[in-house]
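# Residue-level structure breakdown
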Amino acid sequence: MKKFIVLCACVLMGIGSLSAQSYRNEIGLRLGGSGGLTYRYHLNEGNAIEGILSTYWYSGVSVTGLYEWTKPVINNDFYLYYGAGIHLGAFRDQFALGIDGIVGLEYQIPTVPIALSLDYKPGIHFLPIEHWWVGLYDVAFSVKFTF
């Protein structure tokens, strides 16, 4: 049992020795206004693209694509990210198109390949014209596996 514990500790310390943002990919769950699956790919230090597949309680689904900028804050484990993009979806049997913004704070847990984030993602549906709306209440918490 002692050998197993020592082995697990060594593995976790090895993972923890990776520097922040040493990963290029993140995949996980976004829990909030437009909750669903999220995937982020870091293009380079400071730039990323994110895709979000969301479902809504009122029979809707959307795909959002965002271009994001990232900056370390506090220390190298915390990152501020912000960006903009578009979404396509189907809501109540109608096609929807709109724009989105995003701003959030992400924490990369140093000892495991997990990132936690809290973000605000307002959006505007501008098609179909008769059902356009502004969504200002999309706050979400995400848990992502990083690799």
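Residues numbered from 1 in each chain as written. Predicted model: local features only at pLDDT ≥ 70, side-chain atom pairs only at ≥ 80, totals over all residues. Heavy atoms only, no water.

### With respect to a nonpolar patch on the surface
What counts here: A patch is a set of surface residues, each over 30% in relative accessible area and not in a salt bridge, joined within 9 Å for like charges and within 5 Å for the nonpolar side chains Val, Leu, Ile, Met, Phe, Trp and Tyr. For accessible areas, the Shrake-Rupley method is used with a probe of radius 1.4 Å. Any residue's cover is judged against the shown protein chains and nothing else. By convention in these notes, a salt bridge is any Lys or Arg side-chain nitrogen within 4 Å of a carboxyl oxygen on Asp or Glu. The secondary structure listing takes helices from DSSP runs of H or I that are at least 4 residues long and strands from runs of E that are at least 2 residues long, numbered from the N terminus.
There is a patch of nonpolar side chains on the surface, built from Leu 29, Leu 31, Leu 37, Leu 53, Val 61, Val 63, Leu 118, Val 139, Phe 141 and Val 143 and spanning about 850 Å² of accessible area. Elements that contribute at least two residues to the nonpolar patch include exactly strand E1 (25-32), strand E4 (60-73) and strand E10 (139-146). Sort the elements by how many residues they give to the nonpolar patch and E10 lands first, with three residues.

### A look at the packing of aromatic side chains
Definition in use: Pairing of aromatic rings covers Phe, Tyr and Trp, the last through its six-membered ring, and needs centres within 6.5 Å; plane angles under 30 degrees mean stacked, over 60 mean edge-to-face, and all others mean tilted. Partly exposed residues are those whose accessible area sits between 20% and 50% of the maximum for their type, while under 20% is buried and over 50% is exposed, using a 1.4 Å probe and protein chains only.
Per the counting criterion, the structure on display carries four aromatic pairs. Note on Tyr 67 and Trp 69: the rings are 5.0 Å apart at their centroids and 75° apart in plane angle, and the pair reads as edge-to-face. Between Trp 69 and Tyr 82, the aromatic rings sit 5.9 Å apart at their centres with planes inclined by 25°, giving stacked as the arrangement. A residue pair is termed long-range when its members are at least 10 positions apart, and Trp 69 in strand E4 and Tyr 82 in strand E5 (residues 78-91) qualify at 13 residues. A residue is classified by how much of its surface remains accessible, and Tyr 82, at 32% relative accessible area, is partly exposed.

### Side note on the side chain of Lys 121
Rules: The term polar contact refers here to a pair of N or O atoms within 3.5 Å; inside protein, the definition further demands a hydrogen-donor-capable atom paired with an acceptor-capable atom, and it admits residues adjacent in sequence only when both atoms are side-chain atoms. In this description, contact between two residues means that some pair of their heavy atoms is separated by no more than 4.5 Å.
Topologically, Lys 121 is positioned in the loop between strand E7 (114-120) and strand E8 (123-127). Overall, the relative accessible area of 4% leaves Lys 121 in the buried class. In terms of polar contacts, Lys 121 uses its side chain to reach the side chain of Asp 100, at 3.3 Å. The contacts of Lys 121, once residues within four sequence positions are left out, are Arg 30, Ser 34, Ile 52, Thr 64, Leu 66, Asp 100, Gly 101, Ile 102, Gly 135 and Asp 138.

### Some details on the confidence of the model for the protein
As a general rule, the predicted coordinates of low-pLDDT regions are not to be interpreted in detail. Just so we agree on the cut-off: The predictor's confidence in any single residue is recorded as pLDDT, a number from 0 to 100.
Averaged over every residue, the pLDDT of the protein is 84; residues scoring 70 or more account for 82%. Least confident of the elements in the protein is helix H1 (residues 2-16), whose mean pLDDT is 43; most confident is E7, at 97.

### Re the pattern of salt bridges
For the structure on display, the rule yields ten salt bridges. Ionic pairing is found between Asp 138 and Arg 30, a salt bridge with its closest N-O pair at 3.4 Å. Remark: Arg 30 occurs in strand E1 and Asp 138 occurs in the loop between strand E9 (133-135) and E10; sequence separation between them is 108 residues. Shared partners join several salt bridges into a network, and the residues in it are Glu 26, Arg 40, Glu 50, Glu 68, Glu 106 and Lys 144.

### Digging into the environment of Leu 80
If you trace the backbone, Leu 80 turns up in strand E5. For Leu 80, a relative accessible area of 29% puts it in the partly exposed group. Placed 23 residues apart in sequence, Leu 80 and Val 103 show a C-alpha to C-alpha distance of 7.5 Å. Beyond its immediate chain neighbours, meaning those up to four positions away, Leu 80 contacts Trp 69, Thr 70, Lys 71, Val 73, Val 103, Gly 104 and Leu 105.

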